[in-house]
Structures are given as C-alpha cells and as structure tokens.
Number of protein chains: 2
Amino acid sequence: MEPRISLITLGVSDLGRARSFYEALGWAGQSVQETVFFQVGGLALVLWDRDRLALDCGVEDQRPAGFGGIALAHNVRSPAEVDQLIATAERAGGTVTRPAATTFYGGYAGVFLDPDGHAWEVAHNPSFPLAADGSLTVPDFDTR
Amino acid sequence: MEPRISLITLGVSDLGRARSFYEALGWAGQSVQETVFFQVGGLALVLWDRDRLALDCGVEDQRPAGFGGIALAHNVRSPAEVDQLIATAERAGGTVTRPAATTFYGGYAGVFLDPDGHAWEVAHNPSFPLAADGSLTVPDFDTR
C-alpha cells in the first residue's frame, strides 16, 4: 500500500445543505450524479448520502448522527487564520465544539462540526510547516 | 479555507493493534507521545485513542464502534493491485465488507474495515488517473 489517501467521503443527510456549507467555507464543488466532489490538494473530498455510503461499504449504519471516530484537520499559516475560519464555519452553520485556544504543542486551534457532525480541527501548528502548495510534512520526531 | 486537508485522525481502541495493522499494509509510522503519525502523500494519517479524540474535539462519543459515516479510499493503478491489497488487509486483521468487483463506473474496487471499523475502499478507477506522486486529480466532469 503506497503512502497515499485518494478520497475522503463524508456521509451526509442533506446533500444540498452539506454542499452549501463547504462552499460557504470557500471550496468549489462539482456535482457528479448524486455526489459532490471537491479537489483538496492531491485528493478528493466527496459528499454522499450517508445511507448509500454505508450500503456501498457493505456495513450497517446503526448510528445515523454524532461523532464517527474520525477527525479531519485543516492547518493554516497563522493564529489569525484559525479565528477567521472558525468564525466563517460558525456563520455557515457549523457548530463550534472547541473554541480556538492555545494548544499543548505550542499551536493555536479550534474544532467545529459540519452540519452532519463531522469534526474539523482548524490549527496553526508552528512545528508542522505547510509547503507553498499547502502540503504538510510530518517532522522526523526521532531527531528533534 | 484553502483547498487542503492536513491530517486525518482515526480514533482507535488499541493503539498497538491499529499501528500493527497499518504497518502490515506497508506504511511506516512514527510514535509521537500517545499517537502514531503516518506521512501519506501531502498529509498525515494519525492514530489516537478514540475517547481522547472525542474529548479533544469537544464532542460526546455515544457509539464506540461501527460505521462512523466516513469512508477513506486508496486508489491503485490496476485491478490486480486491488486484489493484492484487499488480501493483504484481510491477512492483517481487516474485515472485507465488499469483495472486489467491477463497479458501475467501469472500475474495480472492494472495501475493508480496519480493526476499529474505519472503512477503506481500494479502487482502480480508470477515470481518475493517479499522478506519478500518487496524487489524484478530480476530472472536470462538466466538459467530459
């Protein structure tokens, strides 16, 4: 398994609402049949009906709302950008579950949930610099 | 919000078991405090205790196992690679919930769950070519 992730598909209950939310954050989606695709760096974020996603994965979905055990993170280049994005997400209908604050690792971050409860951390982490193209490189922790 | 995802954190119940599973698939992790970081393309996949992840996100986790409403996908360059990776995942302790088969979009794909129930689709999709660096570009569907 080469080191890559190609798509992240979020199960949603209302495709139009979910699309509007992510477009309010500034991303541009494409409708493809009953899904919406967003190009995010070198991968795709996809929105799709949660019931169909569960069926497609061959799993039973016993819990149609709430925390799914996964958090996505969007890192930014400054603490001010964290505040701006958390405020934008809240205006767009997201729920701030952890207001932005200084973190134990010397960064600054907060968390919001999208309209379907998917968790996003917005973080400025000086130890994880972003490249010009937005990609993140995990530091070599052993040699620090 | 610029178009990128920086980290994907999977909540797990047994960090050692989860790390062993992903290392059996061929990824190399780094232990960082109570987490494990994998560099996957331009982002990081992180394993962390699910209870702590929920707490960190400021959410209550009412459902400690099962489908979380998100599916990750790992695209490969041939149908044979799909079969190989699904078999490797099964040997490593994953659960195949959708055996590899031809898909409606003319590809070939299957789905496995990791030991904590996180869903991974392994897909060969001729319409979504992978670049040499493994990155995926969403086609311009409007002009096809």
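Residues numbered from 1 in each chain as written. Chains lettered and ligands numbered in written order. Predicted model: local features only at pLDDT ≥ 70, side-chain atom pairs only at ≥ 80, totals over all residues. Heavy atoms only, no water.

J.: Mind showing me how you'd approach the environment of A:T35 here?
T.: All names here are of chain A. On the secondary structure map, T35 appears in strand 3 (residues 35–40). A sequence separation of 26 residues divides T35 from D61, and the C-alpha atoms of the two residues are 19 Å apart. Beyond its immediate chain neighbours, meaning those up to four positions away, T35 contacts L15, Q30, V46, L47 and W48. At 2.8 Å, the side chain of T35 and the backbone oxygen of V32 are in polar contact. (Helix = DSSP H or I, 4+ residues; strand = E, 2+ residues; numbered from the N terminus. Contact = heavy atoms within 4.5 Å. Polar contact = N/O pair within 3.5 Å; in protein donor to acceptor, adjacent residues only side chain to side chain.)

J.: What's the story with the nonpolar core in this structure? I'm lost.
T.: A general feature of soluble globular proteins is that nonpolar side chains tend to end up buried together. Counting residues in each nonpolar core, the largest one holds 52 residues, and the members touching the most others are A:I8 and B:I8. In this structure A:I8 touches A:L43, A:A44, A:L45, A:V46, A:L72, B:I5, B:I8, B:I70, B:A71 and B:L72, once residues within four positions along its chain are discounted. (Core = buried A, V, L, I, M, F, W, Y, C linked by side-chain atoms within 4.5 Å. Buried < 20%, exposed > 50% of the residue type's maximum accessible area, 1.4 Å probe, protein only.)

J.: For this particular structure, what's the right way to read the environment of B:E60?
T.: Tracing the sequence through the fold places B:E60 in the loop between helix 2 (50–57) and strand 5 (70–75). Sequence spacing of B:E60 and B:Y22 is 38 residues, and the spatial spacing of their C-alpha atoms is 27 Å.

J.: Whenever I open this one, the interface of chain A and chain B confuses me. Can you help?
T.: When the parts of a complex come together, some accessible area is lost, and that lost area is often used as the size of the interface. Counting residues at the interface gives 72 residues for chain A and 72 residues for chain B. Summing both partners gives a buried area of about 6100 Å² for chain A against chain B, and 59% of it is carried by carbon and sulfur. Our count for the chain A to chain B interface comes out at four salt bridges. Among the salt bridges present, the one from B:R77 reaches A:E2, with a minimum N-O distance of 3.9 Å. Between the two partners, chain A and chain B, sit 34 residue pairs in polar contact (both at pLDDT 80 or more). Here the element with the most residues in the side of chain A that touches chain B is strand 5 (residues 70–75) of chain A; it accounts for six residues. Grouping the constituent residues of the side of chain A that touches chain B by class yields 39 nonpolar, 20 polar and 13 charged. Note that strand 5 of chain A and strand 1 (residues 7–12) of chain B share four bridges and pair antiparallel. Residue A:A71 lies in a different strand from strand 1 of chain B, and its bridge partner there is B:T9. (Buried area = accessible area lost by both parts, 1.4 Å probe. Salt bridge = Lys/Arg side-chain N within 4 Å of Asp/Glu carboxyl O. Nonpolar A, V, L, I, M, F, W, Y, C, P; charged D, E, K, R; others polar. Pairing = 2+ DSSP bridges.)

J.: Sorry if this is basic, but what is going on with the sheet that holds strand 5 of chain A here?
T.: Note: strands within a sheet are paired through backbone hydrogen bonds, in either parallel or antiparallel orientation. An order of 6(A)-7(A)-8(A)-5(A)-1(B)-4(B)-3(B)-2(B) is seen for the eight strands of this open sheet, with the pairing classed as mixed. The open sheet has two edge strands, strand 6 (95–102) of chain A together with strand 2 (30–32) of chain B, and neither has a second partner. If you compare each strand with its neighbour and ignore which way they point, the axes differ by 25° on average. In the sheet, strand 7 (residues 108–113) of chain A pairs with strand 8 (residues 119–124) of chain A via six bridges, with the strands oriented antiparallel. Of the residues in strand 8 of chain A, the one forming a bridge with A:L113 is A:A119. (Axes fitted to C-alpha atoms, helices over the stretch in contact; angles between N-to-C directions.)

J.: I keep staring at the relation of the copies chain A and chain B and nothing clicks. Help me out?
T.: One copy of the chain maps onto the other through a rotation about an axis plus a displacement along that axis. Least-squares fitting of chain A to chain B yields an RMSD of 0.0 Å, with the superposition described by an axial translation of 0.0 Å and a rotation of 180°. What the superposition gives is, in effect, a two-fold axis relating one chain to the other. Taking C-alpha positions as reference, the residue of chain A nearest the rotation axis is A:G68, located at 1.8 Å. Here 100% of the interface residues in chain A have copies in chain B that are interface residues too; the copies meet face to matching face. (Least-squares fit on C-alpha atoms with pLDDT ≥ 70 in both.)

J.: Could you clarify how one ought to interpret unusual backbone geometry in this entry?
T.: With glycine set apart, most residues show a phi of negative sign, and most peptide bonds adopt trans. Despite not being glycine, A:Q33 has its phi angle at roughly 50°, a positive value. Tracing the sequence through the fold places A:Q33 in the loop between strand 2 (30–32) and strand 3.

J.: What's the story with the packing of aromatic side chains in this structure? I'm lost.
T.: Remark: the centre distance and the inter-plane angle together describe each pair of aromatic rings, the angle taken between the planes. All names here are of chain A. Within the structure shown, the criterion is met by 18 aromatic pairs over all chains. For the pair W27 and W120, a centre-to-centre distance of 5.8 Å together with 80° between the ring planes defines the contact as edge-to-face. Note that W27 is positioned in the loop between helix 1 (15–24) and strand 2 and W120 in strand 8, a separation of 93 residues in sequence. Side by side, W27 and W120 carry an identical accessibility label, which is buried. Three or more aromatic residues joined by ring pairs make a cluster, and in this case those are F21, Y22, W27, F38, F112 and W120. (Phe/Tyr/Trp six-rings, centres within 6.5 Å; stacked < 30°, edge-to-face > 60°.)

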